[in-house]
Amino acid sequence: MFDDRLIRVDMTNLTATAEPYPEAWKLLGGRALSARILLEECDPQCDPLGPDNILVMAPGVMSGTAAPTSGRISIGGKSPLTGGIKEANAGGNPGQDLMKLGYRAVVVKGQPADANKRYALEVRKDSLEVVEADDTKGMWNYALIEHLATKYAETASFISIGPAGEMKLSGASVACTDADQARRPARHAARGGLGAVMGSKGLKFVMIDPEKTPVRRPDDAKPFFAHTKAYTKGFQDSPKANMFKFGTSSIVPVANMLNTFPYKNRTEGQSPDVATLEGARIVESFETRGGGMHNCMTGCVVQCSNIVHDADGNYKTSALEFETLTLLGANCGIASWEDVADLDRLCDEIGLDTIETGAAIAIFMDSGEMEFGDAEGAKRILHEIAEGTELGKAIGNGAVSIGKRQKHARVPVAKGQALPAWDPRPLKATGVTYCSSPMGGDHTAGLIVNPGMPPEQFAQASQESQLINAACDSSGFCQFLQPTMPEIAEFYSVLYGEAVTREQVADIGWQCLLDEWKFNEGAGFTAADDVLPACITDEGIGPDHSLKFDVAADIVAQAKAERFPEREELWTTKATG
Amino acid sequence: MPIVLIPPPYRGPTGGQERIEVAANTVRACIEAVEAAHPGFLPQVFAADGEPHKFVKLFVNGDQSPPEAEVAEGDEVEVLAAIAGG
Ligand code: SF4
């Protein structure tokens, strides 16, 4: 039905070729596809920044179709931050555009002989080419895309790295251009340092030009479009749909109430600066400055992404998310959302994960070398990262790196990766995810916001959440659409014109987790790594500092030991990240 | 009696309980009845001015409803809190 192919890029010999996509993998996309390729083709013991690591760029199964909110792309590889397998997921249009051309993944291997050279991959309808791109060396993401916009067709989208990726810093992100006409590099596959893997391969950017290629559609398109229309209408008509109409920044007050708005390197679960950090302030700014909500990728009906303008009405950044407001704001004791917006823009420019970088700056502050709340100091640090100073590199390499430099013990990470805003002390089942997930401290692996959950339910709830999120990140649907596995199965069925069951979708999610755990085992991970640090197990937050992560190791082990028997809740559990 | 459906983020005070039957005849009275049995629940729903927090929406049998809406035997009062990751 689809003439799908896989792009293989050899950065040692600077070649790019297409090969037929295996029919047996047709229901594998995004994260599950990345995991399968890495398990089959990548030595888990390899140097993450060496030629043997593999960088995978894999759109989800539904990407490139007219299904709503379905064009996400997974970036995968062995993480220089965790030393294990990593998948980071992004919106924007590259996933859509690759799939319109029938490319299910880009698999990048090898390394150029000259580490000072920069290259680009050009993906067009009828050609694939690795070309020299030395003129883009060191460019910040926004300037890079402005430059590329003058060089390539207006139908093209881009995947790129900033200076942090070129310097192979472990906090480096991979940027994807959004759906706006300006094609801003504002959507980042941020976590795990995959920008450094891209940088280690000398690959500065990927250009994908689908020209006017229409959306991907099955031969018998009628049932597909009918289902897509009905699902979209059902979503839009639901009064619950507009709960997220102002994006994730609107979560700040409720997160603060739940003690999961970390303050000053997670020494408190609540910040006194909620009023100046909450999303309502951003929404108010739309009135006087412009900006507003938009869809980060074509066809998104949730439209949770904000565009933030400065006081003069000029574009400043997008999207200013809850995680960023927390890690670069409250967690650094920075009180103003406008300062966080500046920091967010700098991170997007330099190509940095806002979570890892915010956590690293907070650790630096906590060690006594900078005052909490010093927003200008934090901005200076980001410039130092771009300049490659010794301090800049120590912070750009993430939380563990700066903790070592400062000989500071309070380093809140899981498997070497900074914990996101969602705190495992009030949200213990989420803590079980951080411990047991192959992804380490990553809320998108299986977030459970239920502070009243009894301990005996943690393991199964975490496993189910990990399973649906793995299935979702393989489908191309955004986690903010919050699809269930039966809904994903219905879309697969109408896309392929054959019955795909919810059980098959669950199996794909589970197999993805198995592949990832197996990779990590090969990389040397053991149960001893499935833990959280003392600052999370021994230091409390909340009332009387009583909230600690005190979940027994056997509960963590249960979440990954074997698959729990299916229960009805599995089919109603929504993806959430 | 009406039943209050507690969203997962708000189950701290209810000790994990998802559905709580209450003797009450308005949405507000339902929330107050849950508060009486599970202190700490109401402030999650209503701000200091007595109005629902901006991030909370209230539904009766699936229809968005104000706090003063009347409820009857068997009605489901659903509290929804805007929560997603990010
Ligand atoms: S829901 Fe938000 S993050 Fe997801 S695709 Fe839409 S705009 Fe992007």
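Residues numbered from 1 in each chain as written. Chains lettered and ligands numbered in written order. Predicted model: local features only at pLDDT ≥ 70, side-chain atom pairs only at ≥ 80, totals over all residues. Heavy atoms only, no water.

**Some details on the interface of chain A and chain B**
Opposite the 27 residues of chain A that make contact, chain B presents 23 residues. In total, about 1900 Å² of surface goes out of reach between chain A and chain B, with carbon and sulfur atoms giving 68% of it. There are 0 salt bridges connecting chain A and chain B. On the surface where chain A and chain B come into contact, there are 1 residue pair in polar contact (both at pLDDT 80 or more). Broken down by secondary-structure element, the contributors of at least two residues to the side of chain A that touches chain B are helix 7 (252-257) and helix 10 (322-329) of chain A. In terms of residue count, the dominant contributor to the side of chain A that touches chain B is helix 7 of chain A (3 residues). In terms of residue class, the side of chain A that touches chain B is made up of 15 nonpolar, 8 polar and 4 charged. (Contact = heavy atoms within 4.5 Å. Buried area = accessible area lost by both parts, 1.4 Å probe. Salt bridge = Lys/Arg side-chain N within 4 Å of Asp/Glu carboxyl O. Polar contact = N/O pair within 3.5 Å; in protein donor to acceptor, adjacent residues only side chain to side chain. Helix = DSSP H or I, 4+ residues; strand = E, 2+ residues; numbered from the N terminus. Nonpolar A, V, L, I, M, F, W, Y, C, P; charged D, E, K, R; others polar.)

**Brief notes about the state of the cysteines**
Residues and elements named next belong to chain A. Within the structure shown, the criterion is met by 0 disulfides over all chains. With no disulfide of its own, Cys 46 lies 3.9 Å from the sulfur of Cys 42, the closest cysteine sulfur. On the basis of relative accessibility, which here comes to 6%, the residue Cys 46 falls in the buried class. (Disulfide = S-S within 2.5 Å. Buried < 20%, exposed > 50% of the residue type's maximum accessible area, 1.4 Å probe, protein only.)

**Observations concerning the domain arrangement of chain A**
All names here are of chain A. Parsing chain A into structural domains produces domain 1 (5-209), domain 2 (240-418) and domain 3 (428-572). Taken together, the contact between domain 2 and domain 3 spans 22 residues of the former and 30 residues of the latter. Carbon and sulfur atoms make up 61% of the area that domain 2 and domain 3 hide from each other, which totals about 1700 Å². The three residues of domain 2 that bury the most area against domain 3 are Asn 259, Ala 414 and Lys 415, which together make up 32% of that side's buried surface. The tally of links from domain 2 across to domain 3 stands at 2 salt bridges. Here Arg 410 and Glu 539 are joined by a salt bridge, their closest N and O atoms 2.8 Å apart. In this assembly, domain 2 and domain 3 are joined by 8 residue pairs in polar contact (both at pLDDT 80 or more). For the side of domain 2 that touches domain 3, the secondary-structure elements that each account for two or more residues are strand 16 (413-414) and strand 17 (417-418). (Domains from an automatic or database assignment.)

**Observations concerning helix 13 (residues 375-387) of chain A**
All names here are of chain A. Between its terminal C-alpha atoms helix 13 stretches 19 Å, which fits the 18 Å expected from 13 residues at 1.5 Å a residue. Taken as a whole, helix 13 has its buried residues at Ala 375, Gly 377, Ala 378, Lys 379, Ile 381, Leu 382, Ile 385 and Ala 386. Check the buried side of helix 13 and you find it contacts helix 4 (163-166), helix 11 (337-350), helix 12 (354-366) and helix 14 (390-396). Here helix 13 starts with a cap whose side-chain oxygen sits 3.4 Å from the backbone nitrogen of Glu 376, and that cap is Asp 374. (Expected span 1.5 Å × (residues − 1).)

**As for the environment of Pro 438 of chain A**
Residues and elements named next belong to chain A. Inspection of the secondary structure assignment puts Pro 438 in the loop between helix 16 (428-436) and helix 17 (458-475). A residue is classified by how much of its surface remains accessible, and Pro 438, at 3% relative accessible area, is buried. As a C-alpha pair, Pro 438 and Leu 514 span 76 residues in sequence and 9.1 Å in three-dimensional space. Once residues lying within four places of it in the same chain are set aside, the contact partners of Pro 438 are Ile 85, Gln 466, Leu 513, Glu 516, Trp 517 and Asn 520.

**Quick notes on the site of the ligand**
Residues and elements named next belong to chain A. Near the ligand you find 13 residues, and of these Arg 187, Cys 296, Cys 300, Cys 304 and Cys 478 are the closest. When its residues are assigned to classes, the shell around the ligand shows 7 nonpolar, 4 polar and 2 charged. Looking at which domains feed residues into the shell around the ligand, each of domain 1 (5-209) and domain 2 (240-418) supplies at least three. (Near = heavy atom within 4 Å.)

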